[in-house]
Amino acid sequence: MGRIKIIGTGSYVPEKILTNYDLEKMVDTSDEWIVTRTGIKERRIASPDEATSDMIIEASKKALENAGIKAQDIDLIIVATVTPDNLFPSTACWVQKALGLKDIPALDISAACPGFLYALILAESLILSKKNKRVLVAGAEMLSKITNWEDRSTCVLFGDGAGVAILEEGDDESGILSSYWAADGSLGDLLIQPAGGSRMPATYETVEKKLHTVHMKGNEVFKHAVKKMGEAALKALSKAGLTGEDIDIFIPHQANIRIIEATCERLKVPKEKVYINIHKYGNVSAATIPIALDELNREGKLKKGDVILMDSFGAGFTWSAVVMRW
Ligand code: ACO
């Protein structure tokens with residue numbers, strides 16, 4: 001049995017760019033503070049009539065073309081998002097409809113920033129167990145729609161976008177070598193959208209208090225992210241019998257440049273092997289890694305045989321790492 005490999009990638013980001021200078025006019029912040037503390041210079045913001053599935057559909061078309069297959073060749077859709085079009089039906093079902101697919105399963109998973117890696121791990125298992133053959137995995141977020149634009153501690157961080165990968169079983173050395181995933185629900189309150197679910201349904205009060213937006217204890221999240229991203233990566237690498245020195249390309253979750261630098265130091269991965277696009281997009285949660293993967297793929301920077309490490313941390317808390325050979 002071959003390894004499970006990515007046969008095509010695609011991504012989409014909205015046209016509208018919101019720069020740090022634009023934010024200076026909205027809240028008490030500065031380009032200097034944002035760049036120094038986070039590495040972010042600008043982010044993409046969706047239009048009011050755009051939804052998460054619209055971005056996934058654009059990214060999916062590119063991924064299908066990149067893979068050289070038709071939508072009809074897909075037999076499962078998994079969407080990782082915390083900003084679905086609706087709580088139900090799933091965003092994956094809207095994507096299925098738009099791609100003109102019938103009688104195949106489609107589901108969303110909620111694992112925040114590591115959602116794309118969680119979805120890759122699920123897709124790999126389902127293909128290996130022969131339940132499915134060719135899976136479309138999306139990581140997509142429209143965080144601008146759940147951002148409190150009056151809260152400078154969060155509104156400077158997030159952006160919108162989508163990335164897609166198509167997976168199938170290969171017949172050579174390429175594919176997923178190892179993975180690790182974990183969660184700690186006892187820390188859920190540190191990064192949360194408090195209202196809108198069954199715990200706190202929408203009321204005038206929840207809207208007035210902006211409880212449908214991201215609430216985060218930033219420095220607590222920061223500390224855990226540094227610790228757990230390092231841990232996830234080392235565990236996944238060790239399962240593959242590798243170390244940080246064997247990595248050709250490191251794609252970390254793009255939440256904060258300081259978290260990325262601390263993780264690289266722990267893994268002993270030199271700067272030139274790390275892919276960084278946080279300055280362009282900010283934190284796009286589940287979409288950061290598949291967008292980065294697609295950019296690398298399209299720029300011809302992924303060479304056959306390259307060892308790629310993907311590593312992420314987010315709300316839940318959840319954390320995950322996947323090692324693959326391109
Ligand atoms: N502009 C200017 N000053 C600001 C801003 C801003 N945008 N935001 C906060 N400050 C101020 C604070 O009020 C504070 O001021 P004080 O010292 O007078 O009280 C000071 O800056 C320092 O604030 P901290 O929160 O301690 O700053 P920190 O260095 O921790 O940086 C940040 C904040 C960028 C949020 C950082 O903690 C971080 O990146 N955390 C991790 C976020 C993350 O990884 N999220 C991951 C998952 S996201 C998801 O799952 C959807």
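Structure first, text after, so check above.
Residues numbered from 1 in each chain as written. Predicted model: local features only at pLDDT ≥ 70, side-chain atom pairs only at ≥ 80, totals over all residues. Heavy atoms only, no water.

Under the criterion given, the structure shown has 13 salt bridges. Lys61 is paired through a salt bridge with Glu58; the nearest N and O atoms lie 3.4 Å apart. Linking Lys61 with Glu58, this pair stays in helix H3 (residues 52–67), spanning three residues, or about one helical turn. For Lys61, a relative accessible area of 46% corresponds to the partly exposed category. Its relative accessible area of 31% is what places Glu58 among the partly exposed residues. For the salt bridge of Asp172 with Lys304, the shortest nitrogen-to-oxygen distance reads 2.8 Å. With a gap of 132 residues between them, Asp172 in the loop between strand E7 (160–169) and strand E8 (175–183) and Lys304 in the loop between helix H11 (288–298) and strand E12 (307–314) connect regions that are remote in the sequence. (Salt bridge = Lys/Arg side-chain N within 4 Å of Asp/Glu carboxyl O. Helix = DSSP H or I, 4+ residues; strand = E, 2+ residues; numbered from the N terminus. Buried < 20%, exposed > 50% of the residue type's maximum accessible area, 1.4 Å probe, protein only.)

Around the ligand, the surrounding shell holds 25 residues, and the nearest of these are Thr29, Arg37, Cys113, Arg152 and Asn256. Contact between the ligand and Arg152: a nitrogen atom at 2.9 Å from a main-chain N or O atom of the residue. One of the side-chain N or O atoms of Asn256 is found 2.6 Å from an oxygen atom in the ligand. Mapped by element, the contributors of at least two residues to the shell around the ligand are helix H2 (31–38), helix H6 (152–155), helix H8 (218–239) and helix H9 (257–267). The greatest single-element share of the shell around the ligand, amounting to four residues, is contributed by H8. Here the shell around the ligand is built from residues that sort into 13 nonpolar, eight polar and four charged. Mapped onto the domain boundaries, the shell around the ligand takes at least three residues apiece from domain 1 (4–172) and domain 2 (176–325). (Near = heavy atom within 4 Å. Polar contact = N/O pair within 3.5 Å; in protein donor to acceptor, adjacent residues only side chain to side chain. Nonpolar A, V, L, I, M, F, W, Y, C, P; charged D, E, K, R; others polar. Domains from an automatic or database assignment.)

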